[in-house]
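Listed below, chain by chain, are the residues.
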Amino acid sequence: MQVTPNSIPKHLAIIMDGNGRWAKKRMMPRVYGHRKGVERLKEIVMRCHQLKIKVLTVYAFSTENWARPKDEVNYLMKLPESFFKDFMPQLMENQVKITVIGQVEALPAETQAMMREALEKTKDNQGLILNIALNYGGRDEILRAVQSISRCVANQELKVDEIDQTLMDQHLMTGFLGDLAQPDLMIRTSGELRLSNFLLWQLAYSEFYFTEVLWPDFTAEELDKAIESYAKRQRRYGKV
Ligand code: FPP
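The name given to the protein in an unreviewed UniProt entry is Isoprenyl transferase, with Facklamia hominis CCUG 36813 as the source organism. Within the UniProt record for the protein, the comment given under Sequence similarities (unreviewed entry) is "Belongs to the UPP synthase family."

Here it is as structure tokens:
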């Protein structure tokens, strides 16, 4: 790939879309697509590690995904287990640190336990941060930040005039990422041209890359193409 280190995004965010359609094309049940999707995520994590990307945020389950058929939701809840089961040694070897954003408390107990174990095991790792958005919704995140700030005002820990963008950043679920909270590049697979409630605040100045490729077909080479496209763009942050 013809890109220099400073044209590699520091924070990459991905909407991994198209698993269901990928399976349907093969006359297979939708969950088969999710299984392939998990395998593809492992490849992409390794590529991000090689490229020295600092944060990879992936949209694994949205607050709207509960409306799917019960069997599919149950399957999606087991994805963390199938991801970590055999991939943990490689994550540890490569110093990948797992973090999570979203309402984890509302997930089934086994899913929560699986996530807690992964967070605990990888907490001291110093490499790529793999940030998993699980039961996550951007509007829900913003509402909770507003509630949390309002509580500080009600407790007289904070004055209304002290509320600024930095404070909002701190109260969002990505607050722990500090300067790295805003993705430089957001990729969505499968040809859909929407944000679908993903990182609404954080994506304000991000570059977007949309591809027709379905997530189970999104190889490391496809990721390289997205990064090459990003590397050619000039980010202006509203300036000329
Ligand atoms: C969207 O495809 C994909 C999902 C809802 C799940 C994506 C999750 C993974 C690939 C892995 C998650 C990994 C961990 C570690 C939790 P879709 O079903 O909406 O596809 P469609 O639009 O074709 O129906």
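Anyway, onward from the coordinates.
What follows covers the pattern of salt bridges. Taken as a whole and judged by the stated rule, the model has 16 salt bridges. Where E222 meets K225, a salt bridge forms, and the shortest distance between an N and an O atom there is 3.1 Å. Here the residue E222 and the residue K225 both occupy positions in helix 8 (residues 220–232), the gap between them amounting to three residues, near one helical turn. Relative accessible area serves as the criterion here: at 45%, K225 is assigned to the partly exposed category. In the salt-bridge network here, residues are joined through shared partners; they are D17, R21, R188, E192 and R194.

Let's shift gears to the packing of aromatic side chains. Counted by the stated rule, this structure contains nine aromatic pairs. Measuring from ring centre to ring centre gives 5.9 Å for Y59 and Y136, while their planes differ by 75 degrees; the resulting arrangement is edge-to-face. In this pair, Y59 sits in strand 2 (residues 55–62) while Y136 sits in strand 4 (residues 129–136), placing the two residues 77 residues apart along the sequence. Clustering of aromatic rings is evident, with ring pairs tying together Y59, Y136 and F198. Over the face of the ring belonging to W22 we find R26, whose NZ or CZ atom lies 3.9 Å from the ring centre.

As a structural note, the neighbourhood of the ligand is formed by 20 residues, with D17, G20, R21, R30 and R68 the closest of them. Separating an oxygen atom of the ligand from a side-chain N or O atom of R68 is a distance of 2.7 Å. Burial of the ligand by the protein chains amounts to 92% of its free accessible area of 630 Å². Among the secondary structure elements, those contributing two or more residues to the shell around the ligand are helix 1 (19–25), helix 2 (30–50) and helix 4 (79–93). If you tally residues by element for the shell around the ligand, the top one is helix 2, at five residues.

Per the UniProt record, the feature "active site" (unreviewed entry) sits at D17 and N65. In terms of the greatest pairwise C-alpha distance, the residues named above, spread along 49 residues, form a tight cluster of at most 12.3 Å across. Among the secondary structure elements, D17 is positioned in the loop between strand 1 (11–15) and helix 1. By relative accessible area, which is 17% here, D17 ends up buried.

Rules behind the numbers
Residues numbered from 1 in each chain as written. Predicted model: local features only at pLDDT ≥ 70, side-chain atom pairs only at ≥ 80, totals over all residues. Heavy atoms only, no water. UniProt positions renumbered as here; feature names shortened; annotations may be inferred. Salt bridge = Lys/Arg side-chain N within 4 Å of Asp/Glu carboxyl O. Helix = DSSP H or I, 4+ residues; strand = E, 2+ residues; numbered from the N terminus. Buried < 20%, exposed > 50% of the residue type's maximum accessible area, 1.4 Å probe, protein only. Phe/Tyr/Trp six-rings, centres within 6.5 Å; stacked < 30°, edge-to-face > 60°. Lys NZ or Arg CZ within 6 Å of the ring centre and 35° of its normal. Near = heavy atom within 4 Å. Polar contact = N/O pair within 3.5 Å; in protein donor to acceptor, adjacent residues only side chain to side chain. Areas by Shrake-Rupley, 256 points an atom, 1.4 Å probe, with all protein chains shown as cover.

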